[in-house]
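The residues making up each chain are set out below.
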Amino acid sequence: MTKLLVANWKMNKNAKECFDFFEEFKLKFSGKRSAWIAPQAIHLNLVINEGKKCNVMAGVQNCSEFLSGAYTGEISPRNVKELNGHFVILGHSERRQYFQETSKHLNAKVKTALKEDLKVIYCVGETLPERESNQTLSIVGDQIQQGLNDMSEATADNLIVAYEPVWAIGTGKTATPAQAQEVHAFIRAELKKKFPAFGEKIQLLYGGSVKPDNVEELLGQKDIDGGLVGGASLKASDFLALCGDK
Ligand code: PGA
């Protein structure tokens, strides 16, 4: 399976900085690994157009469970698709922590986005106190069960799951490859129970301080199919290195 690197630019980069990134990125990107970028939604069109020139897919960092109507400030998954957006990240820990998104609420968003034929990157992960009290697998298991509840197997081929331990996001602390692999293997087993025909094929991304100097070891793990990257995706040279194009 081709490894997938997804850039989560969060609320960074103005329009000029988005263009500048592509000016540099497109010179060296070979496509040997897939590269997707999620800018702020206001730059989606820009990133779609620049991405087209170098085979990079664009998506958003969140979307609504509704398709249209009186939902001030929300992003319609249908309109993301209409613009040729490729994917949506749902359930990032910053959305869970700062915007009170629960797995139950996320379940509605996941199902709507999949129905609109977007790829969904559903994020799960434990906090430090949860890891320290040995609750990692039960927390991640609950996030999987609730967030992916009542989904038809047919839609699962557009699903990607990202394991992002909250304590590793933006902190410079990375899960060791063995810690990450342990949780990925658990997620794989849960997905195979839920979706017998697709569980094996669902791509599993690791996120949390992925950097050029730890990416190869992480991607070398059996159940790690790619990375979801914040900080190290902002500089074209770093993201190129993650994509295997130094
Ligand atoms: P980080 O962020 O790479 O800066 O740790 C990852 C993420 O939030 O998806």
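Since the model is a prediction, treat every value here as computed from it, not as a measurement.

**Remarks on the pattern of salt bridges**
Item 1. By the definition in use, this model includes 17 salt bridges.
Item 2. Residue Glu94 is joined to Lys10 by a salt bridge in which the shortest nitrogen-to-oxygen separation is 2.9 Å. Of this pair, Glu94 sits in helix H4 (residues 93-98) while Lys10 sits in the loop between strand S1 (4-8) and helix H1 (15-28), and the two are 84 residues apart along the sequence.
Item 3. Classification of Glu94 as partly exposed rests on a relative accessible area of 24%.
Item 4. The partner of Asp225 in a salt bridge is Arg188, and the shortest N-O contact between them spans 3.1 Å. With a gap of 37 residues between them, Asp225 in the loop between helix H9 (215-219) and strand S8 (226-229) and Arg188 in helix H8 (residues 177-194) connect regions that are remote in the sequence. Neither Asp225 nor Arg188 differs from the other in exposure class; each is buried.

**Digging into the pairing of strand S6 (residues 159-163)**
Item 1. With five of its five residues buried, S6 lies for the most part within the structure.
Item 2. Residues Leu159, Val161 and Tyr163 point to one face of S6 and Ile160 and Ala162 to the other, with burial holding for every one of them.
Item 3. Both strand S5 (residues 119-124) and S6 contribute to a ladder of five bridges, which runs parallel. By the bridge assignment, Cys123 is partnered in S6 with Ala162.
Item 4. In this view, the connection linking S6 to its parallel neighbour strand S7 (residues 203-207) by way of H8 has right-handed handedness.

**A closer look at the environment of Ala154**
Item 1. In this fold, Ala154 is placed in the loop between helix H7 (136-147) and S6.
Item 2. Of the residues examined, Ala154 reaches a relative accessible area of 60% and is grouped as exposed.
Item 3. In this structure the C-alpha to C-alpha distance between Ala154 and Arg96, which are 58 residues apart in sequence, comes to 27 Å.

**A closer look at the layout of surface pockets**
Item 1. Each pocket or cavity is described by its volume, and for the largest pocket that value is around 590 Å³.
Item 2. Lining the largest pocket are 24 residues, with Gln40, Ala41, Gln61, Asn62 and Arg95 positioned closest to its centre.
Item 3. Those elements that place two or more of their residues in the lining of the largest pocket are helix H3 (77-82) and H4.
Item 4. Counting residues per element, the lining of the largest pocket draws most heavily on H4, which supplies three residues.
Item 5. Residue composition of the lining of the largest pocket, by class: twelve nonpolar, eight polar and four charged.
Item 6. Of the pockets and cavities examined, the second largest pocket occupies roughly 200 Å³.
Item 7. Lining the second largest pocket are 16 residues, and of these Gly170, Ser209, Gly230, Gly231 and Ala232 sit closest to its centre.

**As for the site of the ligand**
Item 1. Lys10, His92, Glu164, Gly170 and Ser209 are the nearest of the 13 residues found near the ligand.
Item 2. Within the side chain of Glu164, an N or O atom sits 2.6 Å from an oxygen atom of the ligand.
Item 3. In the model, an oxygen atom of the ligand is placed 2.9 Å from a nitrogen or oxygen of the Gly230 main chain.
Item 4. Isolated, the ligand exposes 280 Å² of accessible area, and the fraction of that covered by the protein chains is 95%.

**Details of the packing of helix H5 (residues 103-115) against H7**
Item 1. Axis separation between H5 and H7 bottoms out at 8 Å; the angle between their running directions is 45°. Put simply, H5 runs oblique to H7. For the element pair H5 and H7, the recorded crossing hand is right-handed. Note on element contacts: H7 touches H5 through Gln143, Gln146 and Gly147, opposite Ser103, Lys104, Asn107 and Val110.

Reading the values: rules and limits
- Residues numbered from 1 in each chain as written.
- Predicted model: local features only at pLDDT ≥ 70, side-chain atom pairs only at ≥ 80, totals over all residues.
- Heavy atoms only, no water.
- Salt bridge = Lys/Arg side-chain N within 4 Å of Asp/Glu carboxyl O.
- Helix = DSSP H or I, 4+ residues; strand = E, 2+ residues; numbered from the N terminus.
- Buried < 20%, exposed > 50% of the residue type's maximum accessible area, 1.4 Å probe, protein only.
- Pairing = 2+ DSSP bridges.
- Right-handed = clockwise from strand over helix to strand, strands pointing away.
- 1 Å grid on protein atoms, 1.4 Å probe; cavity = no way out; pocket = protein on both sides within 12 Å on 5 of 7 lines; lining within 4 Å.
- Points joined across faces, edges and corners; volume = space filled by probe spheres on them.
- Nonpolar A, V, L, I, M, F, W, Y, C, P; charged D, E, K, R; others polar.
- Near = heavy atom within 4 Å.
- Polar contact = N/O pair within 3.5 Å; in protein donor to acceptor, adjacent residues only side chain to side chain.
- Areas by Shrake-Rupley, 256 points an atom, 1.4 Å probe, with all protein chains shown as cover.
- Axes fitted to C-alpha atoms, helices over the stretch in contact; angles between N-to-C directions.
- Parallel < 35°, antiparallel > 145°, perpendicular 65-115°, else oblique.
- Left-handed = near helix turned anticlockwise from the far one by under 90°.
- Contact = heavy atoms within 4.5 Å.

Keep in mind that these numbers describe shape and distance, not what the molecule does.
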